[in-house]
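Observations on the three-dimensional arrangement
Now for the letters of each chain:
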Amino acid sequence: MKVSSAVPVAALPADAPMGVTWAPIAAFCFLWSSAFAAAKIAVRDCPPLTLLTIRFLIAGALMLGVAAASGRWSRPGGRDLAALILLGVLNNAAYLGLSWSGMTTVSSAFTAVLISTNPLLIGVLAGPVLGERLGWRKMFGLCLGLGGVALVLRSRLSGMQEDTHGTLLVTGGLVALVAGTLLYKRLKPAAGLWMATGIQSLAGAAALLPVALLHESMGDARMTASLFWSMAYMIVAVSIGGYYLWFMILSRASATAASALHFLMPPLGLLFGWAVLREPVSWLDLLGIVPIAFGIWLATRRAP
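Position numbers for residues count from 1 along each chain, tracking the sequence in the order it is written. Where local features are concerned, this predicted model is filtered to residues with pLDDT of at least 70; where side-chain atom pairs are given and counted, the filter is 80 or more; whole-chain, interface and lining totals use all residues. By convention in this description, side-chain values take in all heavy atoms of the structure and omit both hydrogens and water.

The test is simple: UniProt positions are given in the numbering used here, feature names are shortened, and annotations may be inferred rather than shown by experiment.
Going by an unreviewed UniProt entry, the chain carries the name EamA domain-containing protein and comes from Achromobacter pulmonis. Its UniProt record gives the chain the following Subcellular location (unreviewed entry) comment, quoted word for word: "Membrane". Under the Sequence similarities (unreviewed entry) heading, UniProt states for the chain: "Belongs to the EamA transporter family."

1. Points about the packing of helix H2 (residues 48-69) against helix H3 (residues 78-102)
The condition that has to hold: Between N-to-C directions, angles cover 0 to 180 degrees, with each direction set by a line fitted to C-alpha atoms, over the stretch in contact for helices. A run of H or I in DSSP counts as a helix once it spans at least four residues, and a run of E counts as a strand once it spans at least two, with each numbered from the N terminus. Left-handed is the label given to a crossing in which the near helix is rotated counterclockwise from the far helix by less than a right angle, and right-handed is the label when the rotation is clockwise. In this description, contact between two residues means that some pair of their heavy atoms is separated by no more than 4.5 Å.
For the pair H2 and H3, the least separation of the axes is 9 Å and the interaxial angle reads 145°. The element H2 and its partner H3 pack so that their crossing is right-handed. Residues Pro48, Leu49, Leu51, Leu52, Arg55 and Phe56 of H2 pack against Asn92, Ala93, Leu96, Gly97, Trp100 and Ser101 of H3.

2. Quick look at the nonpolar core
How we decide: In this text, buried Ala, Val, Leu, Ile, Met, Phe, Trp, Tyr and Cys residues form a nonpolar core when linked through side-chain atoms within 4.5 Å. Partly exposed residues are those whose accessible area sits between 20% and 50% of the maximum for their type, while under 20% is buried and over 50% is exposed, using a 1.4 Å probe and protein chains only.
Core analysis: the largest hydrophobic core is formed by 66 residues, its most contacted members being Leu51, Tyr95, Trp100 and Met234. Sorting the residues of this core by element identifies helix H1 (22-42), H2, H3, helix H4 (108-115), helix H5 (118-130), helix H7 (164-187), helix H8 (193-215) and helix H9 (225-252) as the ones contributing at least two each. Among the elements that make up this core, the one with the highest residue count is H9 (15 residues).

3. Here's the deal with the side chain of Ser230
Applicable threshold: Identification of polar contacts relies on pairs of N or O atoms within 3.5 Å, with a donor-acceptor requirement for protein atoms, meaning one able to donate a hydrogen and the other able to accept it, and with residues adjacent in sequence counted only if both atoms are side-chain atoms.
Here Ser230 lies in helix H9. Engagement of the side chain of Ser230 in a polar contact is seen with the backbone oxygen of Leu227, the distance being 3.1 Å. Ignoring anything within four residues of it in the chain, the contact list for Ser230 reads Ala38, Ile41 and Ala42.

4. A word on the side chain of Asp80
Mapping Asp80 onto the fold places it in helix H3. Contact partners of Asp80, with chain neighbours within four places excluded, come to Pro189 and Ala190.

5. Structural notes on the packing of H2 against H8
Let me state the cut-off plainly: An angle below 35 degrees is treated as roughly parallel, one above 145 as roughly antiparallel, one from 65 to 115 as roughly perpendicular, and anything else as oblique. The residue classification treats Ala, Val, Leu, Ile, Met, Phe, Trp, Tyr, Cys and Pro as nonpolar and Asp, Glu, Lys and Arg as charged. All others, Gly included, are polar.
Remark: H2 packs on H8, axes separated minimally by 7 Å, with the N-to-C direction vectors making an angle of 155°. Considering the angle they form, H2 stands roughly antiparallel to H8. As for the relative orientation of H2 and H8, their crossing is left-handed in sense. Of the residues assigned to the contact of H2 with H8, the class counts are 19 nonpolar, seven polar and no charged.

As structure tokens, then:
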């Protein structure tokens, strides 16, 4: 059955938590949060922009290949193609280019926490930009989630564990992700998900290539086993699986409800950072999980 990214917002009740089952939602949260630890491993052995350019090229080609092999190849019209290119620059090149560059000097867990503040920005902007209604439950849930994230941020920044310049770069990536999410709902490109995600990935590669050539050198890359496996994981699991699931969820739910899932990234990001990279976790980090979980439930639950 063909899944289109052009499912109209009106097809769902304004307060519907999700138009999909919890299985793909759980898979998306797992894949998206694990990407920060995998990226931290990869940037040790390869400059971040070069790494992302190669990742986007391979992932984009694979996704377009899947679209062709499954009979879902349909060249988008001029408007949709332009929209997908713009979204690819925001959702891939700017978001990941900035956050990965920042991750060379800040921890993967901190990056996951900072990026996860995007639901509050989207919740506030979705009203004037998309006409979505932000009731008291969603607003209270978003504020609770932000409060939990703030606990983790305070724990990290007050202890001077994170670099200021890296923090600013990750913040720039956060702004790009928010803009890309809102524009996806606003523009609603009509291409199928494989085509849409593949085109965005290739657009991200095209945008990053000249910057990578100008500021980085392939001579700085070390061909290690950890680089190979982390790159393979990010291409298959994150670029193909994670982005496909994200745009499927986003096309079937309101921007506010879908983006609230990013509040799950702090606890999961902390878990992966601790388990894979042995990054320290404090009691304030763990305390922040409680309002985050309750905030997600409030922001995504169906109104009575």
